[in-house]
There are 2 protein chains.
Amino acid sequence: MLAEIITIGDEILIGQIVESNSAYIAEQFTSAGIQLNRIISVGDNPANIINALSEANQKADIVIITGGLGPTKDDITKAVLCEYFNTQLIFDEEAFTNIERHLKYRNIPVNELNRKQAEVPENCKIILNTEGTAPGLWFEKDGTIFIAMPGVPFEMEAMMKHQVIPVLKKRFKLPNIVYKTVNTQGAYESQLAEILNKWEENLKKNGIKLAYLPSPGIIQLRLSCEGSDRAILTAKLENETEKLKKIIPDFIYGYDEDTLPQIVGKLLIKAGKTLCIAESCTGGMLSHLITSVPGCSDWFRGSVIAYSNEIKEKQLNVSPDTLCNYGAVSKQTVEEMANGVRHLLGGDFAIAVSGIAGPSGGTNDKPVGTTWIAVASSEKSISQNYLFGNDRSRNIIRASLTALNMLRKIVTIHSLDIRYKI
Amino acid sequence: MLAEIITIGDEILIGQIVESNSAYIAEQFTSAGIQLNRIISVGDNPANIINALSEANQKADIVIITGGLGPTKDDITKAVLCEYFNTQLIFDEEAFTNIERHLKYRNIPVNELNRKQAEVPENCKIILNTEGTAPGLWFEKDGTIFIAMPGVPFEMEAMMKHQVIPVLKKRFKLPNIVYKTVNTQGAYESQLAEILNKWEENLKKNGIKLAYLPSPGIIQLRLSCEGSDRAILTAKLENETEKLKKIIPDFIYGYDEDTLPQIVGKLLIKAGKTLCIAESCTGGMLSHLITSVPGCSDWFRGSVIAYSNEIKEKQLNVSPDTLCNYGAVSKQTVEEMANGVRHLLGGDFAIAVSGIAGPSGGTNDKPVGTTWIAVASSEKSISQNYLFGNDRSRNIIRASLTALNMLRKIVTIHSLDIRYKI
């Protein structure tokens with residue numbers, strides 16, 4: 001089963017955006033056992049789109065097209081598809097009902113452009129867009145399936161995951177590929193690769209593939225294997241995961257779709273504990289990660305973003321002497337911040353972060369990337385110093401994730417009534 | 001002058017990475033007036049690479065190839081280029097000297113793999129890699145230029161910017177394409193399209209292209225035109241931008257690379273004012289957007305993330321009666337939150353946000369997406385009600401951007417000593 005992706009949009013060809021839809025689609029195809037042959041990006045140019053469709057028709061069984069289905073004048077994909085499939089646009093009631101529902105929910109009146117979005121090529125099946133107004137279009141020609149989806153990532157992703165992939169899986173006998181992703185925080189890629197060298201060698205002998213998927217602060221290890229019996233494959237991967245747990249227990253925070261704030265939330269709920277936060281250099285990112293988890297109000301009380309020293313003193317009760325003698329980025333300051341916010345907002349645990357995110361503010365002693373993180377409870381507070389990189393946005397996300405992982409390790413041990421250890 | 005890009009690597013086709021080299025190259029081409037026809041991504045597969053090269057040869061004047069030039073076994077680009085250009089690898093002294101220099105700087109001994117990197121196809125010119133060891137390769141065939149560069153982004157970027165583009169500019173008379181991007185917040189794509197309908201019709205007559213680039217909470221309008229005189233083209237786009245300012249003054253917050261928090265920061269600095277924040281449903285995202293701006297400590301004091309009603313009462317001084325009578329998501333509550341945080345943290349302006357981000361918590365009266373935003377100063381506080389969608393993460397980003405734009409409008413007017421108006 002060979003696939004191709006055609007992404008459409010002038011914004012791609014002038015370098016205004018980094019096109020990421022194809023990576024999402026590629027990942028979904030890979031998981032489903034569909035092999036992607038190539039990705040083509042073309043502009044909003046009818047001849048180039050038609051040409052890409054013809055080429056794909058010759059080579060691929062499945063062709064995914066994204067972009068250009070919106071309501072504005074530069075969205076020409078639908079017209080070009082009509083030309084290619086020798087058909088015309090007709091008004092689709094079901095698509096229109098979906099558009100009305102979306103707009104009504106947001107109190108937006110339906111205009112002429114919205115009505116036009118309900119016009120679809122006559123010889124295609126439509127795929128309802130659960131996240132937006134432009135319907136997806138499903139064509140078949142000479143044994144090839146063509147699926148056109150909107151270019152807005154979250155609309156395309158929902159359509160791909162919940163509609164396109166399930167239908168393809170039902171219709172075709174796809175190879176069984178089983179995946180298990182182990183999510184780690186706190187180690188660099190080269191560091192992990194060195195620690196895991198022996199274990200990795202052994203994987204190949206067992207017919208298991210490994211991929212490192214790094215993102216700032218997080219490295220996911222994706223294991224996969226192919227075969228006829230899903231249960232055997234799953235057991236094989238579980239076995240390797242158990243081995244991994246013994247080699248890198250501190251780095252592993254979860255599996256597959258698990259996120260670090262979700263895991264921390266589950267641990268706190270289990271322990272019957274609550275959390276509050278004092279952020280300086282992370283500036284709200286740590287709180288944002290936590291409040292991305294629905295229902296976090298069960299365990300998260302709130303935060304103080306203490307960007308100025310004055311707020312650190314007045315609200316968090318950090319002593320002026322501490323700030324003067326040790327500086328805002330110091331063990332003493334973060335520990336006082338953590339204790340201060342715990343008393344102010346009331347919580348069983350408190351995290352405090354203070355660092356130099358950059359690009360300026362670094363010194364010889366404390367270069368850009370220097371970050372202190374403290375975790376406090378009623379019993380004691382502990383802190384640790386980290387040196388991240390020189391990029392502001394990556395430092396902010398790394399510091400936030402590192403703080404969450406530090407809390408995770410402490411809560412895990414705490415709930416077992418064992419002495420704190422990071 | 002038509003160009004194509006071929007990016008090579010299995011990691012792209014399995015969705016392991018988001019391929020971003022082509023966006024950089026595309027942007028460099030666009031600025032230089034070279035039109036990019038398409039981008040093709042293929043795996044480490046000789047037949048597919050050869051096929052992509054043949055297709056590009058027929059269509060393009062310039063072909064850029066990235067990836068697969070490294071020293072390891074899966075790097076096959078050089079061998080495939082030898083096959084395609086019917087040539088063989090020879091040892092290149094200049095390339096080797098460059099490799100030696102790089103390794104010496106990092107105290108790494110030269111090994112057999114490094115020597116192999118100095119072997120290049122006989123009929124190409126080499127492009128020295130100032131940032132790494134793999135040389136770039138410049139071929140010409142049937143009037144088409146083929147340039148192969150390493151896939152490591154910073155190596156490729158230095159080669160592209162400092163060597164490839166200057167040579168192409170010297171050799172060809174390239175057209176001028178000028179771009180201007182207008183950044184808007186607060187309008188939906190279909191709404192903007194309707195408002196701008198007449199203006200848009202007129203653009204075409206003036207030879208100007210328009211593209212809508214939407215992302216959650218933000219729509220960018222990209223204008224472009226081509227011609228011989230850069231000054232005339234720039235003036236044409238400026239003229240259209242001035243017209244736009246009159247049609248949608250409230251939605252436009254900036255141009256080109258401007259971000260909303262940057263613009264708000266500049267306005268506050270100009271007005272000599274500071275800002276503090278009380279967040280409920282946005283949970284830290286609004287503070288995070290602000291603290292993404294380096295140097296924001298000049299105008300941003302800090303925030304309280306008041307996720308629980310208890311913190312709204314105790315820290316922000318919201319009256320229990322208000323919470324009981326009107327609820328946490330109400331005009332009264334956000335206005336009290338804004339005034340409360342302004343007194344607590346001290347700032348000329350305060351923003352407060354309270355809403356139902358979802359997925360749960362909605363009622364008939366206040367469905368998921370309902371959000372109240374208030375801005376307070378020493379003089380008065382004003383607030384507005386919004387209804388966003390049903391997706392938690394998008395509601396959070398939309399509410400944050402909407403709050404920033406609300407403040408932007410108020411500060412703009414305030415600094416002119418005119419009465420508040422949203």
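Draft legend 1. Representation of the pairing of strand E15 (residues 349-355) of chain B. Residues and elements named next belong to chain B. When you tally the buried positions in E15, you get seven out of seven residues, the bulk of the element. Covered by surrounding structure in E15 are Phe349, Ile351, Val353 and Gly355 together with Ala350, Ala352 and Ser354, the residues of both alternating faces. Where strand E13 (residues 275-279) meets E15, five bridges bridge the pair, whose relative direction is parallel. For alanine 278, the partnering residue across the bridge sits in E15 and is alanine 352. With six bridges joining them, E15 and strand E16 (residues 370-376) adopt antiparallel strand pairing. The residue bridging isoleucine 351 from the neighbouring strand is valine 375, located in E16.

Draft legend 2. How the structure looks around the pairing of strand E14 (residues 300-306) of chain A. Among the seven residues that make up E14 of chain A, seven are buried, leaving the element largely enclosed by the rest of the structure. Pairing analysis gives five bridges linking strand E13 (residues 275-279) of chain A to E14 of chain A, with the strands arranged parallel. Bridge assignment links isoleucine 277 of chain A to a residue of E14 of chain A, and that residue is serine 303 of chain A. Once you follow E13 of chain A into helix H12 (residues 285-291) of chain A and on to E14 of chain A, the crossover reads as right-handed. Relative to strand E14 (residues 300-306) of chain B, E14 of chain A is paired through five bridges, and the arrangement is antiparallel. What sits directly across from isoleucine 305 of chain A, in E14 of chain B, is serine 303 of chain B.

Draft legend 3. Expanded view of empty space enclosed by the protein. Within this structure, the stated rule accounts for one cavity of 30 Å³ or more. Roughly 160 Å³ of volume is contained in the largest cavity. What lines the largest cavity is a set of 18 residues, among which Glu19 and Ser22 of chain A together with Glu19, Ser22 and Ser41 of chain B lie closest to the centre. Counting only elements with at least two residues in the lining of the largest cavity, the list comes to helix H2 (21-32) and strand E2 (35-42) of chain A together with helix H2 (21-32) and strand E2 (35-42) of chain B. For the lining of the largest cavity, the element with the most residues is E2 of chain B, which contributes three residues. Tallied by class, the residues present in the lining of the largest cavity amount to 11 nonpolar, five polar and two charged.

Draft legend 4. Geometry of the interface of chain B and chain A. Chain B puts 78 residues into the contact, and the matching count from chain A is 73 residues. Approximately 6000 Å² of surface area, both sides summed, lies buried where chain B meets chain A, with 54% of it carried by carbon and sulfur atoms. Among the residues of chain B in contact with chain A, Leu13, Arg301 and Tyr307 of chain B are the three that bury the most area, contributing 10% of the side total. Across the contact surface, chain B and chain A share seven salt bridges.

Draft legend 5. Expanded view of helix H3 (residues 46-59) of chain B. Taking 1.5 Å per residue, 14 residues should reach 20 Å; H3 of chain B reaches 20 Å between its end C-alpha atoms and fits that length. Those residues of H3 of chain B lying buried are Asn48, Ile49, Ile50, Ala52, Leu53, Glu55, Ala56 and Asn57 of chain B.

Draft legend 6. Focus on the pattern of salt bridges. This model, assessed by the stated rule, comprises 25 salt bridges over all chains. Among the salt bridges present, the one from arginine 171 of chain B reaches glutamate 140 of chain B, with a minimum N-O distance of 2.7 Å. A residue pair is termed long-range when its members are at least 10 positions apart, and arginine 171 of chain B in helix H7 (residues 153-171) and glutamate 140 of chain B in strand E7 (residues 136-141) qualify at 31 residues. Residue arginine 171 of chain B is classed as partly exposed on the basis of its relative accessible area, which comes to 43%. Glutamate 140 of chain B sits in the partly exposed class, given a relative accessible area of 41%. By sharing partners, the salt bridges in this structure join Glu4, Arg38, Glu55 and Lys59 of chain A together with Glu4, Arg38, Glu55 and Lys59 of chain B into a single network.

Draft legend 7. The sheet that holds strand E3 (residues 62-66) of chain A, seen in detail. Ordered in space as E6(A)-E7(A)-E8(A)-E3(A)-E1(A)-E2(A)-E2(B)-E1(B)-E3(B)-E8(B)-E7(B)-E6(B), the 12 strands form an open sheet in which the pairing is mixed. Either end of the sheet is taken by a strand with one partner, and the two such strands are strand E6 (125-127) of chain A together with strand E6 (125-127) of chain B. Neighbour to neighbour, the strand axes of the sheet diverge by 20° on average, direction disregarded. In the sheet, E3 of chain A pairs with strand E8 (residues 144-149) of chain A via five bridges, with the strands oriented parallel. Residue pairing for E8 of chain A: isoleucine 65 of chain A is matched across the bridge by alanine 148 of chain A.

Draft legend 8. A look at unusual backbone geometry. Of note, the bond from glycine 358 of chain A into proline 359 of chain A is cis; its omega dihedral lies within 30 degrees of zero at 0°. Among the secondary structure elements, proline 359 of chain A is positioned in the loop between strand E15 (349-355) and strand E16 (370-376). Here the phi dihedral of asparagine 86 of chain B falls at roughly 55°; this positive angle occurs in a residue that is not glycine. Note that asparagine 86 of chain B resides in the loop between helix H4 (77-84) and strand E4 (89-91). Residue asparagine 86 of chain B is classed as exposed on the basis of its relative accessible area of 74%. Phi angles above zero are rare outside glycine, and asparagine 317 of chain B is one such case at about 65°. Relative to the elements of secondary structure, asparagine 317 of chain B occurs in the loop between helix H13 (309-314) and helix H14 (320-326).

Calculation rules
Chains are numbered independently. Their residues run from 1 in the order of the written sequence. Here the convention is simple: chains get letters from A, ligands get numbers from 1, in the order in which they are written. Restriction of local features to residues with pLDDT of at least 70 applies here, the model being predicted, together with a cutoff of 80 or more for giving and counting side-chain atom pairs; totals for whole chains, interfaces and linings are based on all residues. For the side-chain quantities, the full set of heavy atoms in the structure was used; hydrogens and water were omitted. The rule is simple: take the accessible area with a 1.4 Å probe, protein chains only, and divide by the maximum for that residue type; under 20% is buried, over 50% is exposed, in between is partly exposed. In this description a helix means any DSSP run of H or I spanning at least four residues, a strand means any run of E spanning at least two, and both kinds are numbered starting from the N terminus. Strands pair, by our definition, only if DSSP identifies at least two bridges between them. Here is how to tell: hold the view so the strands point away, follow the path from the first strand over the helix to the second, and if it runs clockwise the crossover is right-handed. The definitions used throughout rest on a 1 Å grid laid over the protein atoms alone, on which a cavity is an enclosed set of points accommodating a 1.4 Å probe that cannot get out and a pocket is an open set flanked by protein within 12 Å on both sides along at least five of seven lines; lining residues are those having an atom within 4 Å of a point. Grid points are joined across faces, edges and corners, and a volume is the space filled by probe spheres set on the points. In the scheme used here, Gly and all other residues not listed as nonpolar or charged are polar, with Ala, Val, Leu, Ile, Met, Phe, Trp, Tyr, Cys and Pro taken as nonpolar and Asp, Glu, Lys and Arg as charged. What makes two residues a contact is simply this: any of their non-hydrogen atoms within 4.5 Å. The buried area of a pairing is the accessible area, by a 1.4 Å probe, that goes missing from both parts when the two are put together, added over both. The working definition used for a salt bridge is a side-chain nitrogen of Lys or Arg within 4 Å of a carboxyl oxygen of Asp or Glu. Expected helix span is taken as 1.5 Å per residue step, with the number of steps being one fewer than the number of residues. To obtain an axis, a line is fitted to C-alpha atoms, over the contacting stretch when the element is a helix, and the angle between two such axes runs from 0 to 180 degrees between their N-to-C directions.

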